[in-house]
Amino acid sequence: MSPPSPLIHLRALRHRVAGRLVLDLPDWRVEDGEHGLLLGPSGSGKTTLLQIIAGLLSPTSGQVIVAGQDMTSLSEGVRDTVRGACVGLVFQQLHLVNALTLADNLRLAQRLAGYPLDDDRVAHLLARIGLASRAEARPQQLSQGERQRLAIARAVVNRPALVLADEPTSALDDGNCQRLLDLMLEQAAENGATLLIATHDARLKARLPARLTLAASVLEVVA
Amino acid sequence: MSGRTVIGGGLGPFGLSLAYLRQNRLATGLNLLLLALGVAAIAGLALIDNQMQGRLTRDVAGIDLVVGAKGSPLQLILSSVYQADVPTGNVPLSTLDDLRRNPLVKQAIPVAMGDSYHGFRIVGTTADYPAHYQAALAQGRMFATAMEATVGATVARSANLHVGDSFAGSHGLTPGGEVHAHTPYTVVGILAPTGTVVDRLVLTPVESVWAVHDHHHHHNDGDDDDHDADHDAPHSAEAGAQPPREVTAILVRYASPLAAARLPRAINSETGAQAASPAVELVRLMSLLGAGLDAFRAVGVLLVVTSALGTFVALTNALQQRRYDLAVMRSLGASRARIVIQIGVEALLVSGTGTVAGLVLAHGGIALFALLSPRARDFGLSPFTVVPADLGLLGLGIAVAAVAAALPAIQAYRTDVARTLARG
């Protein structure tokens, strides 16, 4: 038996934008069932790295292996499919769909990923984030904290193996920050997902394992 | 992606489009209105144009020459062929006899007018007249003797006349004239609809018209539709010295093409009557109307182009504001093709709805117009005909959608999802 394969494995990853080197990472892995933290100041390439891992962006060189799939070797169409099925994303700007109700925002994620609509799952998640009674409301009617929670619900609705979150707590006060982190860890545990959070928020460092400070040293390479 | 994501459903391309259009209700509504008005203008015009041309051509078909009193040749054609203008005057019955004897003439049909019933003209003529328009009898028989009348389909329906009814004509071609109560007509037949001028006429032998006016004395009540055959009427001097009998005009069919070269000139120079060619006058009429129609058409085209541009701008704008949503859809697993389909469906939905609304508006508007305006009814407008332009406009609507969707679709297709999402 081979040792358990890591959920994320970055190999000699380099990325250039307009000729400028923005990422140059050593080998780095996150094991299945573990959580990771990407640390670094604004502009250090955290978002870029998350997008590369999500298959939204192709790196200039190196390999990105997610759940056993080498994302860099896949066509764009297959990456879309893999992302829909295996990766949940929480964007810094959330990017909720304001034309749709809260419930439809979650259903849209199911549908676009090619999963059958599962209203029980949608109802369960809305209840878990405390928005069950407002399923038919629109995202713009929510508070910032509620919107943040909805974005997390959308990221986990398809039970992805990997949840990537970009500065999910930067706009929240301490209380909301802790509750949101609780929610993310709980959902990750419930679905057996790995969390990878990119942040410069020191409040998160205290709650997640130390080994993830690796990101800080990695990003120093860039600087 | 799987078929499931492409076909229908609340969150398929169609459902999502509806959600977005609903979100921008005001802009969507105004945009639809603009497109619908443009399409309605063009469609309405095409409908009127089509029916008018058809009607004008049908009424004049087969009539080579119209002989009547001197005056405006266009007026002569309008009054005696289209029954739309007042007559230019009368010609003596001898003119008809001369024409009938002329070897260049295949057929000469007299028309004598002056009275009306419920606003429909009573035309004294021969059985050749309904035969010329291929008017078949729906009920009863053709008129044979004086004071018998065979009425057109529209007249029968609108004046509620049945075979066996009798009615009195009123003097003049518009309602409200003096009623010729002593000399009632008896309906002996009703014609089937023909889509020509005959539908709106009461046909009777020429003798009826003479008989009605023999009973009367000289009512020169201001109508200049004088057809009257009063023996003792001194004002009929224009047609010569008190001719025994007169008709208003004579519709002539040539026996040979040679007649076209000789007959009009002979009549115009050698008799007191004038000969007018319906074909020539129709061309003149169309060129008169044509300038107006062309201007109207140009305005309609401008409207459609404007609204097409409006649709284009609105759609481009809406999709520009939505670039994050479209990028999110990609990040949630949607393929590029799914995004392009989304945009295409939305464009088609807007322009299709706008175009169909415009067509409904045009046909409905003309139906309303026909309902409210007796003039439109006279004209015989039928709003429920689909004219070729309607199909053309539907095509145009789809073309507008295609053009309006193309740029945003290409943009969306090329969008750098990663950069769009990061910029947020």
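Predicted, not measured: the structure shown is a model, and the values here were computed from it.

Analysis parameters
- Residues numbered from 1 in each chain as written.
- Chains lettered and ligands numbered in written order.
- Predicted model: local features only at pLDDT ≥ 70, side-chain atom pairs only at ≥ 80, totals over all residues.
- Heavy atoms only, no water.
- Helix = DSSP H or I, 4+ residues; strand = E, 2+ residues; numbered from the N terminus.
- Buried < 20%, exposed > 50% of the residue type's maximum accessible area, 1.4 Å probe, protein only.
- Contact = heavy atoms within 4.5 Å.
- Salt bridge = Lys/Arg side-chain N within 4 Å of Asp/Glu carboxyl O.
- Arc of directions from axis to C-beta.
- Polar contact = N/O pair within 3.5 Å; in protein donor to acceptor, adjacent residues only side chain to side chain.
- Buried area = accessible area lost by both parts, 1.4 Å probe.
- Nonpolar A, V, L, I, M, F, W, Y, C, P; charged D, E, K, R; others polar.
- Axes fitted to C-alpha atoms, helices over the stretch in contact; angles between N-to-C directions.
- Parallel < 35°, antiparallel > 145°, perpendicular 65-115°, else oblique.
- Patch = residues over 30% accessible without salt bridge, like charges linked within 9 Å, V, L, I, M, F, W, Y side chains within 5 Å.
- Areas by Shrake-Rupley, 256 points an atom, 1.4 Å probe, with all protein chains shown as cover.
- Left-handed = near helix turned anticlockwise from the far one by under 90°.
- Core = buried A, V, L, I, M, F, W, Y, C linked by side-chain atoms within 4.5 Å.
- Phe/Tyr/Trp six-rings, centres within 6.5 Å; stacked < 30°, edge-to-face > 60°.
- Lys NZ or Arg CZ within 6 Å of the ring centre and 35° of its normal.
- Pairing = 2+ DSSP bridges.

## Things to note about the overall build of chain B
The number of helices and strands found in chain B is 15 helices and 13 strands. Counting the 424 residues in chain B, one finds 50% classified as buried. A separation of at least 24 residues holds for 75% of the contacts in chain B among residues at least 6 apart in sequence.

## Here's the deal with the pattern of salt bridges
Applying the stated criterion across every chain, the model contains 18 salt bridges over all chains. For A:Arg14, the salt bridge identified is with A:Asp24, shortest N-O distance 3.2 Å. You can see A:Arg14 sitting in strand S1 (residues 6-17) and its partner A:Asp24 sitting in strand S2 (residues 20-24), a full ten residues away along the chain. Its relative accessible area of 33% is what places A:Arg14 among the partly exposed residues. With its nearest N and O atoms 2.6 Å apart, the salt bridge here joins B:Arg141 to B:Glu148.

## Considerations on helix H5 (residues 93-101) of chain B
Residue and element names in this part refer to chain B. Every buried residue of H5 is listed here: Thr95, Leu96 and Leu99. All buried residues of H5 fall inside an arc of 100 degrees around its axis, so they share one side. Of the surrounding secondary structure, the elements contacted by the buried residues of H5 are strand S1 (65-69), strand S2 (91-92), strand S3 (105-117), strand S12 (249-254) and helix H9 (258-270).

## As for the environment of A:His200
Along the polypeptide, A:His200 turns up in the loop between strand S9 (194-199) and helix H7 (202-205). Among the polar contacts listed, one links the side chain of A:His200 to the side chain of A:Glu167, at a separation of 2.8 Å.

## Some words on the interface of chain B and chain A
The interface is formed by 32 residues belonging to chain B together with 30 residues belonging to chain A. In total, chain B and chain A occlude about 2,500 Å² of area from one another, counting both sides; carbon and sulfur atoms represent 60% of this. The interface formed by chain B and chain A includes three salt bridges. Residues B:Arg336 and A:Glu76 are paired through a salt bridge, measuring 2.5 Å at the closest nitrogen-oxygen approach. Viewed at the interface, chain A and chain B are joined by seven residue pairs in polar contact (both at pLDDT 80 or more). Element by element, the count of residues in the side of chain B that touches chain A is highest for helix H11 (residues 323-331) of chain B, at six residues. Looking at the side of chain B that touches chain A residue by residue, the class counts come to 15 nonpolar, ten polar and seven charged.

## A word on unusual backbone geometry
Residues and elements named next belong to chain A. Non-glycine residue Ala12 carries a positive phi angle of around 45 degrees. By the secondary structure assignment, Ala12 is in strand S1. Unlike most non-glycine residues, Ala18 shows phi in positive territory, near 50 degrees. Residue position: Ala18 is located in the loop between S1 and S2. Taking relative accessible area as the criterion, Ala18 reaches 83% and is therefore assigned exposed.

## Re the packing of helix H4 (residues 73-80) of chain B against helix H10 (residues 278-321) of chain B
Residue and element names in this part refer to chain B. It is the contact of H4 with H10, at a shortest axis distance of 10 Å, that shows an interaxial angle of 100 degrees. Taken as axis vectors, H4 and H10 run roughly perpendicular relative to one another. Contacts from Pro73, Leu74, Ile77 and Leu78 of H4 reach H10 at Pro278, Glu281, Arg284, Leu285 and Leu288. Along the lines of polarity and charge, the residues of the contact of H4 with H10 split into seven nonpolar, no polar and two charged.

## Quick word on a nonpolar patch on the surface
Residues and elements named next belong to chain B. On the surface, a nonpolar cluster with roughly 510 Å² of combined accessible area is contributed by Leu26, Leu30, Leu33, Leu37 and Leu361. The element that contributes the greatest number of residues to the nonpolar patch is helix H3 (residues 25-60), accounting for four residues. Within the secondary structure layout, Leu33 lies in helix H3. In this structure Leu33 comes out as partly exposed when scored by relative accessible area, which is 49%.

## Comments concerning the packing of H10(B) against helix H14 (residues 388-414) of chain B
All names here are of chain B. Running from N to C, H10 and H14 point in directions that differ by 30 degrees, and their axes come no closer than 9 Å. In terms of axis orientation, H10 runs roughly parallel to H14. In this structure, H10 crosses over H14, and the sense of that crossing is right-handed. Contacts between H10 and H14 involve Val304, Ala308, Thr311, Phe312, Leu315, Thr316, Leu319 and Gln320 from the former and Leu396, Val400, Val403, Ala404, Ala405, Leu407, Pro408 and Gln411 from the latter. Looking at the contact of H10 with H14, its residues break down into twelve nonpolar, four polar and no charged.

## Overview of the nonpolar core
Counting residues in each nonpolar core, the largest one holds 98 residues, and the members touching the most others are A:Leu10, A:Ile53, A:Leu126, A:Leu164, A:Leu196 and A:Ile197. Membership of the second largest hydrophobic core comes to 33 residues, among which are B:Leu76, B:Tyr129, B:Val188 and B:Leu285.

## Regarding the packing of aromatic side chains
Residue and element names in this part refer to chain B. Taken as a whole and judged by the stated rule, the model has three aromatic pairs over all chains. When the centroid spacing of 4.3 Å and the interplanar angle of 35 degrees are considered together, the rings of Tyr117 and Phe167 count as tilted. Here Phe167 lies in strand S7 (residues 166-167) and Tyr117 lies in strand S3, a separation of 50 residues in the sequence. Taking relative accessible area as the criterion, Phe167 reaches 3% and is therefore assigned buried. The interplanar angle of 20 degrees and the centroid separation of 5.4 Å between the aromatic rings of Phe167 and Tyr185 together place this pair among those described as stacked. Here Phe167 is found in strand S7, whereas its partner Tyr185 is found in strand S9 (residues 185-191), with 18 residues between them in sequence. Per residue, the accessibility class of Phe167 equals that of Tyr185, and both read buried. What links up through ring pairs into an aromatic cluster is the set Tyr117, Phe167 and Tyr185. Above the ring of Tyr324, the side-chain terminus of Arg323 is found at 4.9 Å from the ring centroid. Across from the ring centre of Tyr413, 5.2 Å away, lies the NZ or CZ of Arg336, which sits over that ring.

## Some points on the sheet that holds S9(A)
Residues and elements named next belong to chain A. Within the open sheet, the four strands sit side by side as S4-S9-S8-S7. Their pairing is parallel. Of all strands in the sheet, those with a lone pairing partner are strand S4 (36-39) and strand S7 (87-90), marking the two edges. Ignoring which end each strand starts from, the neighbouring axes of this sheet average 15 degrees apart.

## Some words on the pairing of S2(A)
With four bridges connecting them, S1(A) and S2(A) associate as antiparallel partners. Each bridged residue has a counterpart across the sheet, and for A:His15 the counterpart in S2(A) is A:Leu23.

Coordinates in, geometry out; function isn't part of it.
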